[in-house]
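Each chain, written out:
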Amino acid sequence: MADKTTPPCGICAMIDRIKGGKFPDFIAELNSCYVILGDQQFYRGYCVLFAKIHATELYLMPADTARALFDEMRLTAEAIAAIVKPWKMNYECLGNSIPHVHWHLLPRYESDELRHGPVWLRPEAERKVPLDENDRRALMESLRHQLALRFPDARIPST
């Protein structure tokens, strides 16, 4: 719990919204994390994994929890790749802006002229491309299906 000098954690607030059924881009709950559809769909299939426990660094997490989170991240990337068939998958665990362990899974495509550089070189206005609502729902359902194949015990919201 944050004290008066520590600002509240934005990711913990998003997790509270997920738990309350008020997060429209929630894809699945796995044992160690929550998977959401990211807001930068220039990289079609972009997802973010929020660690269930609040930790600011991987090395501050219990080792078993960190390993489980890594395995879930790896299999989530595999699920994304099965759908969008990227040229390359990028993995980012930064935490500079929001200090809560979370992974960005960013599919990269050969058609992207900036594919050899970090995604953050592309201006935010170009990255934050929304999907048409039908496309968004179809992509989320495909991701849920692929995750259910890899995680039979995942909590996947009904549509």
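The structure under discussion appears in the preceding block.
What comes next concerns the included structure. Values in this document were obtained by computation on a predicted structure and should not be read as measured data.

**Some details on the overall build of the chain**
Move 1: When you go through the chain residue by residue, the secondary structure sums to four helices and five strands.
Move 2: Each helix (α) and strand (β) of the chain, taken in turn from the N terminus, gives the series α-β-β-β-α-β-β-α-α.
Move 3: The dimensions of the chain, computed from C-alpha atoms along their principal axes, are 45 × 35 × 30 Å.
Move 4: Looking at the chain residue by residue over its 159 residues, the buried ones come to 43%.
Move 5: Considering only contacts within the chain whose residues lie at least 6 apart along the sequence, 58% involve residues at least 24 apart.
Move 6: In the chain, 20 positive and 21 negative side-chain charges are present, and the distance between their average locations comes to 2 Å.

**Some thoughts on the sheet that holds strand β5 (residues 102-108)**
Move 1: Strands sit in the order β1-β2-β3-β5-β4 across an open sheet of five strands; the sheet is antiparallel. For this open sheet the edge positions go to β1 (26-29) and β4 (88-92), each flanked by a neighbour on one side alone. For this sheet, the mean inter-axis angle between neighbouring strands, taken without regard to orientation, is 20°.
Move 2: Of the strand pairs in this sheet, strand β3 (residues 47-51) and β5 are connected by four bridges, and their pairing is antiparallel. Bridge pairing links F50 to H102 in β5.
Move 3: The sheet strands contacting helix α2 (residues 63-84) are β2 (33-37), β3, β4 and β5, and the helix crosses β5 at an angle near 25°.

**Things to note about the environment of C93**
Move 1: Assignment of secondary structure puts C93 in the loop between β4 and β5.
Move 2: C-alpha of C93 to C-alpha of L58: the two residues are 35 residues apart in sequence and 9.1 Å apart in space.
Move 3: Excluding residues within four positions of it along the chain, C93 makes contact with L58, V101, H102 and W103.

**Here we look at helix α4 (residues 133-150)**
Move 1: Relative to the 26 Å expected for 18 residues at 1.5 Å per residue, α4 spans 26 Å between its end C-alpha atoms, a close match to the ideal helical length.
Move 2: Turning to α4, its buried residues number three or more, namely R136, L139, M140, L143, R144, Q146 and L147.
Move 3: Buried residues in α4 make contact with β1, β2, β3 and α2.
Move 4: Where α4 begins, the side chain of D132 points an oxygen toward the backbone nitrogen of N134, at a separation of 3.0 Å.

**A few points about the layout of surface pockets**
Move 1: Computed from the structure, the largest pocket encloses a volume of approximately 530 Å³.
Move 2: Residue lining of the largest pocket: 27 residues in total, with D39, Q40, Y46, V48 and H104 positioned closest to the centre.
Move 3: Of all the secondary structure elements, the ones that give two or more residues to the lining of the largest pocket are α1 (10-19), β2, β3 and β5.
Move 4: Considering each element in turn, the lining of the largest pocket owes the most residues, three residues, to α1.
Move 5: Of the residues that constitute the lining of the largest pocket, the class distribution is 14 nonpolar, eight polar and five charged.

**Considering the pattern of salt bridges**
Move 1: With the rule as written, the count across this model stands at 15 salt bridges.
Move 2: Its salt-bridge partner being R122, residue D112 comes within 2.3 Å of it at the nearest N-O pair. Taken together, the residues span a long stretch of sequence, with D112 in the loop between β5 and α3 (124-127) and R122 in the loop between β5 and α3 at a distance of ten residues.
Move 3: Residue D112 is classed as buried on the basis of its relative accessible area, which comes to 3%.
Move 4: Residue E141 is joined to R144 by a salt bridge in which the shortest nitrogen-to-oxygen separation is 2.6 Å. Of the two residues, E141 and R144 are both situated in helix α4; the distance of three residues between them amounts to about one turn of the helix.

Conventions and cut-offs
Residues numbered from 1 in each chain as written. Predicted model: local features only at pLDDT ≥ 70, side-chain atom pairs only at ≥ 80, totals over all residues. Heavy atoms only, no water. Helix = DSSP H or I, 4+ residues; strand = E, 2+ residues; numbered from the N terminus. Buried < 20%, exposed > 50% of the residue type's maximum accessible area, 1.4 Å probe, protein only. Contact = heavy atoms within 4.5 Å. Lys, Arg positive; Asp, Glu negative; His and termini not counted. Charge placed at Lys NZ, Arg CZ, Asp CG, Glu CD. Pairing = 2+ DSSP bridges. Axes fitted to C-alpha atoms, helices over the stretch in contact; angles between N-to-C directions. Expected span 1.5 Å × (residues − 1). Polar contact = N/O pair within 3.5 Å; in protein donor to acceptor, adjacent residues only side chain to side chain. 1 Å grid on protein atoms, 1.4 Å probe; cavity = no way out; pocket = protein on both sides within 12 Å on 5 of 7 lines; lining within 4 Å. Points joined across faces, edges and corners; volume = space filled by probe spheres on them. Nonpolar A, V, L, I, M, F, W, Y, C, P; charged D, E, K, R; others polar. Salt bridge = Lys/Arg side-chain N within 4 Å of Asp/Glu carboxyl O.

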